[in-house]
Amino acid sequence: MENYLYYSDPFFAYNNALYIEKTINGKPVNIKLSNFLARITEDITCTNGAENERFLSIVGTDDKGKDLRKITVPLKNFAQLDWAQEHWGKGLNRGGKQMPADPYRWSKTTVRKILTQQEYCGDVINFKTYSKSFKNKKRILNPEENWKVFKGVHEPIIDRDTFETVQKMKAKAKRRAPNPKHAEKNMFCGLLYCADCGSPLWFNVNHPNTDIKYFMCSNYKGRRGTCEGTHYVRADSLEQIVMLELRSLASFLIEDEEAFADILEAKTNKSILSQQKFLESSIDKATARTKEVAVMYEKLFEKHINGIVNEESFMQLSQKYETERDELKLKIRQCQEELSEIENLRTRKEQFTFAVRKFMQMETLTPALLNELIEKIEVHSIEGKGKNKTQKIIIHYRFVGVIDNPIKEENIVLEARQGVAVEYLTA
Ligand SMILES: [Zn+2]
C-alpha cells in the first residue's frame, strides 16, 4: 500500500495536481497549486551509530500524467517542498497576481512600455537597474548613459526603423497638461441636487464649445447611473436665476422688513417650537428617572449590607443601575446641546438677514456669499416641448428653507439657444 501525501480540506488532488478550494465573491473557486502530485513510498532511517536520520523516498506524477523518478529526501527538508523543483523541475504555484479577465485590455502605461522596449529590436540591454548591495533587494533605475547595449543579439520582433520612428513620434507627442478649464470649478458646485434621485449634480464643460458650462445629475442613466433624466441646467442660466431670486428676496426685505422678519420667524418657529418642547420634556423625563434610579440603588445597597441581597445579585443589579444612570446622563447632555443649538437659531436668522443685506450691497455672487445664503438648490427635469419648456429650480435657503416670496414677479424665461427658451419655476 502506497502512502499518498495527505491532503486535508480545503486542499484536494485532481488530475495529478494539487488544488485548493476557495470562496471568491461568494462562489467556490478551485485554484491549482501544483503541477505534480507526490507520494511517499518508503520511510528510511539511517544511523551512524550515534545519531539517526530519517529519509523519505518519494515518487510522483506530473499533471500531464508523466511519472517522476523516485527521489530520496531528508525528512527535515520534506515540508519545504523545494525538492520537487530541485529534482523534478516541478513546483508549487506560489500564488501571486491572478490573470485579469481580459489580459489584452492594456492601459496607457502598458502600451507605452511595450512601445519603448528596445529589446524587441533584438538588442540586449544590461545594467538598466542596480542595487546598492547584494543584501538589498530594492532595484534602482540606472541612468540611460550607464546602460550596456548589445545590438542585434537575438532575432527582432520589430524592425529598427519602425522602432525609431515610434520613439521620435513619442518624443514629439508632448504630454498635454490638464486643461485649466477642466479643473475649473463653479460656485454652484456642491449646492445642486437632483430632484428625482437626490444625487448631486456635477459640473461639466461642453466640448468643443467650452463656453457652455452646465450641470447634470451625477447619477444619469446615460452615464451608467440609474436616474431617468439628465436634469441639465446651464451654469450661466442658473446664475441668472439665482441672482434674480436673491434680488427679489432683497427687495422684499427692503420693502417690508416686518413681513420679511415675520416669514423668517414663522419658518423657523414652526419647527423649532415643537422641537424645543420635545427636547425639554425629554430632559425632564430623564432627570426624573435619574432620581428614581439613585433611590433604587440606595435601597439595593442597604439590602446588601443587611444580607437580604446576596453578593451575586447585588453585583448584577448595581451594574444595571450604573449603566442606566450613564445612559441618562448622556441623553440629558445631548438634549441640552440640541436646545442651545435651537437658541442659536435666533442669531442665525439675524445672520441670514445680514447676508441678504450684504448681497444687496455687493450685487454680485461670490461662492462665500452663496454658501452663506443657500443650503441647496433642487433641480427638476425639464418639462414640456418646444416653446413651452419649463424647469423647476427650488432654492432652499439656509436656516429658513424654501421662501415663498410674496413680491415675486413673473417666472424667469431664459433663451438657451435661438428659438429654445425655458421658463424657470422657482417656487
Ligand atoms: Zn437624478
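Throughout, residues of each chain are indexed from 1 in the direction in which the sequence is written. Totals for whole chains, interfaces and linings use all residues, but because this is a predicted model, local features are given only for residues with pLDDT of at least 70 and pairs of side-chain atoms are given and counted only at 80 or more.

Asker: Is there a simple way to think about helix α6 (residues 235-255) in this case?
Answerer: Residues separated by three or four positions in an α-helix point in the same direction, a consequence of the helix having 3.6 residues per turn. For α6, with 21 residues, the first-to-last C-alpha span of 30 Å sits near the 30 Å given by 1.5 Å per residue. To assign burial, the other C-beta atoms lying within 10 Å of each residue's own C-beta are counted, with C-beta atoms placed from the backbone; 20 or more indicates buried, 12 or fewer indicates exposed, and intermediate counts indicate partly exposed. Each helix is a run of DSSP H or I of at least 4 residues and each strand a run of E of at least 2, with the numbering of both proceeding from the N terminus. Within the span of α6, buried status applies to S237, L238, I241, V242, E245, L246, L249 and L253. All buried residues of α6 fall inside an arc of 160° around its axis, so they share one side. The exposed set on the far side of α6, more than 90 degrees from its buried face, consists of I254 and E255. One less than the number of residues in a helix, times 1.5 Å, gives the span that helix is expected to have. When we speak of the arc, we mean the arc of directions from the helix axis to the C-beta atoms.

Asker: I keep staring at the confidence of the model for the protein and nothing clicks. Help me out?
Answerer: Atomic detail in the predicted coordinates should be set aside for any region of low pLDDT. Across the protein, the average pLDDT comes to 83, with 91% of residues at 70 or higher. Residue-level confidence of the predictor, termed pLDDT, takes values from 0 up to 100. Strand β12 (residues 192-194) holds the highest mean pLDDT among the elements of the protein, 94, whereas strand β1 (residues 3-4) holds the lowest, 50.

Asker: Which parts of the structure should I look at to understand the environment of L317?
Answerer: Secondary-structure assignment places L317 in helix α8 (residues 311-362). C-alpha separation for the pair L317 and M296, spaced 21 residues apart in sequence, amounts to 9.7 Å.

Asker: Is there a simple way to explain the sheet that holds strand β14 (residues 213-217) in this structure?
Answerer: The pairing of strands in a sheet comes from backbone hydrogen bonds and takes either a parallel or an antiparallel form. One open sheet holds the three strands; their spatial order is β13-β14-β15, and the pairing between them is antiparallel. Each edge of the sheet is formed by a strand with only one pairing partner; in this case those strands are β13 (201-205) and β15 (233-234). Where β13 meets β14, five bridges bridge the pair, whose relative direction is antiparallel. In the sheet register, V205 faces β14, and the bridge partner there is K213. Two strands pair if DSSP finds at least two bridges between them.

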